[in-house]
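Each chain is listed here by its residues.
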Amino acid sequence: MPARGQDTPLSGLPRVDDLVAAAGRLVERHGRPAATEALRRAVGDARRRLLDGDTRAPSVGDLVAAAGRDLAARRPGGPRRVLNAAGVVVHTNLGRAPLSAAAREAVWQAAGYCDLELDLVGGGRGSRSAHLSPLLEEACGAESGFAVNNAAAALVLALAALTGGDEERAGPPGREVLVSRGELVEIGGSFRLPEIMAASGARLVEVGTTNRTRARDYVTGGSTALILKVHPANYTITGYAAAPSVAELAEVARGAGVPLVHDTGSGLLDDAPDPWLAGEPSVRGSLCAGADLVVCSGDKLLGGPQAGLLVGRADLVDACRHHPLARAVRLDKLRIAALVATLEAHLRHAADTEVPVWAMLRADPAALALRADALARGVGGRVVDGASLPGGGSAPGSRLPGPVVRVDVAAPGEAAAALRAGDPPIVARVDDGALWLDPRTVDAADDAVLADRVAAVVSA
Ligand SMILES: *Cc1c(COP(=O)(O)O)cnc(C)c1O
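Residues numbered from 1 in each chain as written. Predicted model: local features only at pLDDT ≥ 70, side-chain atom pairs only at ≥ 80, totals over all residues. Heavy atoms only, no water.

**Q** I keep staring at the packing of aromatic side chains and nothing clicks. Help me out?
**A** The geometry of two aromatic rings is summed up by the distance between their centres and the angle between their planes. This structure, assessed with the given rule, holds one aromatic pair. With a centroid separation of 5.9 Å and 40° between ring planes, the pair formed by tryptophan 276 and tryptophan 358 is classed as tilted. Taken together, the positions of tryptophan 276 in the loop between strand S6 (260-265) and helix H10 (283-288) and tryptophan 358 in helix H15 (residues 356-361) put the pair 82 residues apart, joining distant regions of the chain. Here tryptophan 276 and tryptophan 358 have matching classes, each one buried. (Phe/Tyr/Trp six-rings, centres within 6.5 Å; stacked < 30°, edge-to-face > 60°. Helix = DSSP H or I, 4+ residues; strand = E, 2+ residues; numbered from the N terminus. Buried < 20%, exposed > 50% of the residue type's maximum accessible area, 1.4 Å probe, protein only.)

Spelled out as structure tokens, the structure:
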């Protein structure tokens, strides 16, 4: 091995101190200690490569860039804003529902000190749920309403509270929950119903079969605490299949003197005639049909922030509200603010213009066609009659017909990767050997940026 100081590739490696001096932006962004460590690792890697026989010593720029990549991987930051050109409206991987302008403003306002638990009139202690409960009740047509961290938490809480899942209240009412075998499913993101039920302390009694369950399969007894119906939100069983309606199950539950709890999933507030909503249960519809307690999500078809709603009979909602687990799954001020603003838009019947999920789902076909035309011209693609997806465990199997832009490129997967790697990242669809862009899920204000970026990637 050559002696120290001799003219070898190793001796060409810069000193870490000199690198730190040359890496002003890394130091500014990540702080001196982390930047120095990353540069030290970059030099160490380079030294190992040279000892392994690499003959070219990296430049200062190479080493700073390597340290930058290293830090970016260790501290990914974000979540970052992305453009959703994939056409999936409630896109789980993209944060589900984008918030309305009013909800964003409400989050901003609540971010500092706010009257979360202060009664501004009397000056005494207020309740965080007082901001939300009256709106939930009005929007859902429910006697009482309460919101927690997410729908999975709402379901655990409901089962724990209504089955005496806490040790003190063991014994009657019974701990058993009757649920159809066809509904014991995994609803994406490892939401496995049997595991959720087990976590609550409830005992599961499966009734019926995977494809067919009838009302008479729900045989209640002294140890039955409640009947649970779960909307199969991300799949449909077609063919020889049957499940009892909410009304039929409500009758069984009433006869047995136990509550019917319905997990409707999407947070669709009211029945609506849109064809793609066929079969999607609404909160109000379920309560009207006789469900005693409805559990649903706040960030699917409700179009708000991540949240889980519990609405229905006041005694059942109160049991949830006062259960010790409620404290562990409570909402923070930012999401209460966003949920209030979202519910207010629904109550004003302004969701179609103000709540982005609904604005996209019910976008004017003529406006979409114009935007698709402009996009196709901008990127050298062509407009095809296609479809968007409601997505995110809402309206499974449904498609929203609409114009989409097909861009024929040699390597669509690479083009999609380049779009994701840009700023802002763009998520497009790859299918049938082409790149696809759906204007429905893009904010019209971003159309120009989308067209420019895609054009640049396609021509590269
Ligand atoms: C999405 C969904 C859930 C889970 O909702 P989270 O808010 O993600 O916890 C539960 N049940 C049904 C039927 C769903 O569709």
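Back to the write-up after that little detour.
**Q** Sorry if this is basic, but what is going on with the nonpolar core here?
**A** Note on soluble globular proteins: their nonpolar side chains tend to be buried together. Core analysis: the biggest nonpolar cluster contains 33 residues, and Leu132, Ile227, Leu260, Val311, Leu339 and Leu343 have the highest contact counts within it. Looking at this core, the elements that each hand over two or more residues are helix H6 (133-140), helix H9 (246-256), H10, strand S7 (293-297), strand S8 (308-312) and helix H13 (333-347). Excluding its chain neighbours within four sequence positions, the residues that come into contact with isoleucine 227 are Leu178, Tyr218, Thr220, Leu249, Val252, Ala253, Val258, Pro259, Leu260 and Val261. One finds Ala153, Met197, Ala202 and Leu310 within the second-largest nonpolar core, a separate group that totals 32 residues. (Core = buried A, V, L, I, M, F, W, Y, C linked by side-chain atoms within 4.5 Å. Contact = heavy atoms within 4.5 Å.)

**Q** Which parts of the structure should I look at to understand the packing of helix H5 (residues 101-110) against H13?
**A** Each pair of packed helices can be summarised by the angle the axes make with each other and by the distance between the axes. Interhelical geometry of H5 versus H13 gives an angle of 145° and a closest axis separation of 8 Å. Here the hand of the crossing between H5 and H13 comes out right-handed. On H13, the residues that touch Ala102, Ala103, Ala106, Val107 and Ala110 of H5 are Lys333, Leu334, Ala337, Ala338, Ala341 and Thr342. Partitioned by chemical class, the residues of the contact of H5 with H13 number nine nonpolar, one polar and one charged. (Axes fitted to C-alpha atoms, helices over the stretch in contact; angles between N-to-C directions. Left-handed = near helix turned anticlockwise from the far one by under 90°. Nonpolar A, V, L, I, M, F, W, Y, C, P; charged D, E, K, R; others polar.)

**Q** What should I look at first to understand the side chain of aspartate 438 in this one?
**A** The residue aspartate 438 is located in the loop between strand S13 (434-437) and helix H18 (447-459) in this model. Given a relative accessible area of 2%, aspartate 438 falls into the buried group. In terms of polar contacts, aspartate 438 uses its side chain to reach the side chain of serine 388, at 2.7 Å. A polar atom in the side chain of aspartate 438 sits 2.8 Å from the backbone nitrogen of arginine 440. (Polar contact = N/O pair within 3.5 Å; in protein donor to acceptor, adjacent residues only side chain to side chain.)

**Q** Whenever I open this one, the sheet that holds S13 confuses me. Can you help?
**A** One open sheet holds the four strands; their spatial order is S9-S10-S13-S12, and the pairing between them is antiparallel. With one partner strand each, in any of the chains shown, strand S9 (382-388) and strand S12 (429-431) form the two edges of the open sheet. Neighbour to neighbour, the strand axes of the sheet diverge by 40° on average, direction disregarded. Pairing analysis gives three bridges linking strand S10 (residues 400-407) to S13, with the strands arranged antiparallel. From the neighbouring strand, valine 407 faces S13, where its bridge partner is leucine 435. Most of the contacts of helix H16 (residues 365-379) go to S10, to which it runs at about 10°, and overall it touches S9, S10 and S13. Of the strands in this sheet, S12 and S13 are in contact with helix H17 (residues 412-421), which crosses S13 at around 40°. (Pairing = 2+ DSSP bridges.)

**Q** Explain the confidence of the model for the protein here, please?
**A** A low pLDDT means the predicted coordinates there should not be read in detail. Confidence in the prediction of the protein, expressed as mean pLDDT, is 92, and 93% of residues score 70 or more. Segment residues 1-5 is flagged for pLDDT under 50; beyond a separation of four residues in sequence, or across chains, it makes two contacts in the model. (pLDDT = per-residue confidence, 0-100.)

**Q** What should I look at first to understand the layout of surface pockets in this one?
**A** Sizing a probe to match a water molecule and rolling it over the atoms shows the empty space that remains. The computed volume of the largest pocket comes to approximately 1200 Å³. As for the largest pocket, its lining consists of 38 residues, and the residues nearest its centre are Ala97, Pro98, Leu99, Arg104 and Met360. Secondary structure elements with two or more residues in the lining of the largest pocket: strand S1 (83-84), H5, helix H14 (351-354), H15 and H16. Looking at the lining of the largest pocket residue by residue, the classes come out as 18 nonpolar, eight polar and 12 charged. (1 Å grid on protein atoms, 1.4 Å probe; cavity = no way out; pocket = protein on both sides within 12 Å on 5 of 7 lines; lining within 4 Å. Points joined across faces, edges and corners; volume = space filled by probe spheres on them.)

**Q** Help me understand the pattern of salt bridges in this model?
**A** Note that side chains of opposite charge can pair when their charged atoms are close. Going through the model one piece at a time under the given rule, you end up with 28 salt bridges. For glutamate 176, the salt bridge identified is with arginine 203, shortest N-O distance 3.5 Å. Taken together, the residues span a long stretch of sequence, with glutamate 176 in strand S3 (residues 176-180) and arginine 203 in strand S4 (residues 203-207) at a distance of 27 residues. With relative accessibility at 18%, the residue glutamate 176 sits in the buried group. Residue classification places arginine 203 among the partly exposed positions, given a relative accessible area of 45%. A salt bridge links arginine 284 to aspartate 270, with the shortest nitrogen-to-oxygen separation between them at 3.6 Å. With arginine 284 in helix H10 and aspartate 270 in the loop between S6 and H10, this pair connects stretches of sequence that are 14 residues apart. (Salt bridge = Lys/Arg side-chain N within 4 Å of Asp/Glu carboxyl O.)

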